[in-house]
Amino acid sequence: MSKSEVKPKNKVSAKAYFKRYWQLYAMLLLPMIYFIIFKYTPMQYIQIAWKDYKLNMSVWQMPVTGEHGLKYFNQAFRNMDFWYSVRNTLLLNILDLILGFPAPIIFALILNELRAQKFKKTVQTVAYMPHFLSWVIISSLALQLFAPSTGLVNMVFEKIGVGPIPFLNDSTHWIFTYIFIGIWQSFGWNSIIYLAAITSINPELYEAAAVDGAGRFRKMWHVTLPSIRPTIVVLLIINLGHILGSSFDRPFALQNNTVMDVANVISTFVYTNGIKGLKFSMTTAVGLFQSVIGLIFLLISDRVAKKLGERGIW
């Protein structure tokens, strides 16, 4: 059979494939347009980190700054507030990872063991609800609950003779209050992916474990956890990739002047210096530095996971 006879057959096969699955490719069109417009097109403005920002000029026309284009990187690295924000970001994210990452896993495991379906659904609904509250609302609730003199929690503590605790006004107490509120807000929603992974486990594994005399805890430890380990590893890698990243709304809503030594993170530093201080080039350099470090953490954690026998993220 000649090559000319094979080619038309392959072309027909590809045409038939796209004719059959064109709806799936059409569904991809909208997210692709979104990413092109809102993710890839703005990347051209990364150049601002090496240029003197001029409001009346295109980003391609702006002049390159001095010091071999590294003026604003040097400016940021010489700024002690920047290094304080890096320290605070790492501290809060590491504590979030240590204390917050296991919370949805534990919650999903416990929820999976519940047999009363109505109670299970009620618990799920209550746990998911905080995810839909904005951090402005959550910070208002935190103020009402944890304020030193008028907060409900401290009022109860005073009644039992413990005394007021400065949850929001002392740096150490603020850190753990910040972590606790973050866990409360997200653990229910984050447990969804683990519950989905648990439902895909083959029931025969539990039956075999029961035949061997395993109880609920043993089934959880030797069947459920090993089965969802790939999911846990992938999410852990993604979280490590954000170790130097930080959302803006959470720290900004919960911070106050008495705890700025620990509450000022990179995102609030960028807001203060970039938006309010109009230092767009310097804060673009800070954002680029943050992204590069995050990518390095992501690649290292993925490599380590693969070395340990896990699949990684790609």
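Refer to the structure presented above.
Residues numbered from 1 in each chain as written. Predicted model: local features only at pLDDT ≥ 70, side-chain atom pairs only at ≥ 80, totals over all residues. Heavy atoms only, no water.

Participant: So what's going on with the overall build of the protein? Residues and values would help.
Facilitator: Helices and strands together make up the secondary structure of the protein, namely 14 helices and zero strands. Mapped in sequence order, the helices and strands of the protein form the string α-α-α-α-α-α-α-α-α-α-α-α-α-α. Relative to a compact globule of 314 residues, whose C-alpha radius of gyration would be 20 Å, the protein shows 26 Å and is clearly more extended. Dimensions of the protein, computed from the C-alpha atoms along their principal axes, are close to 85 × 70 × 35 Å. Looking at the protein residue by residue over its 314 residues, the buried ones come to 34%. Long-range pairs, those at least 24 residues apart, make up 61% of the contacts in the protein between residues at least 6 apart in sequence. Looking at charge distribution, the protein has the averaged site of its 29 positive side-chain charges lying 11 Å from that of its 15 negative ones. (Helix = DSSP H or I, 4+ residues; strand = E, 2+ residues; numbered from the N terminus. Rg over C-alpha atoms; globule rule 2.2 N^0.38 Å. Buried < 20%, exposed > 50% of the residue type's maximum accessible area, 1.4 Å probe, protein only. Contact = heavy atoms within 4.5 Å. Lys, Arg positive; Asp, Glu negative; His and termini not counted. Charge placed at Lys NZ, Arg CZ, Asp CG, Glu CD.)

Participant: Which residues make up the environment of F77, and what values do they have?
Facilitator: Looking at where F77 falls in the secondary structure, it is placed in helix α2 (residues 71-77). Note: C-alpha distance between F77 and D52 (25 residues apart in sequence) is 17 Å.

Participant: Lay out unusual backbone geometry with the relevant residues and their values.
Facilitator: The phi dihedral of L278 is positive, around 60°, even though this residue is not glycine. Within the element layout of this structure, L278 appears in the loop between α13 (266-276) and α14 (280-307).

Participant: Give a description of the packing of aromatic side chains that names residues and reports values.
Facilitator: Aromatic rings in a pair are described by how distant their centres are and how their planes are angled relative to each other. In this structure the tally under the stated criterion is 24 aromatic pairs. Seen from their ring centres, F252 and Y271 are 5.4 Å apart, and the 70° between their planes marks the pair as edge-to-face. Of the two residues, F252 is situated in helix α11 (residues 249-254) and Y271 in helix α13; the sequence distance between them amounts to 19 residues. F252 sits in the partly exposed class, given a relative accessible area of 37%. Here the aromatic residues F77, F82, W83, F269 and F289 are joined through ring pairs into a cluster of three or more. R250 extends its terminal NZ or CZ atom over the ring of Y178, reaching a point 3.9 Å from the ring centre. (Phe/Tyr/Trp six-rings, centres within 6.5 Å; stacked < 30°, edge-to-face > 60°. Lys NZ or Arg CZ within 6 Å of the ring centre and 35° of its normal.)

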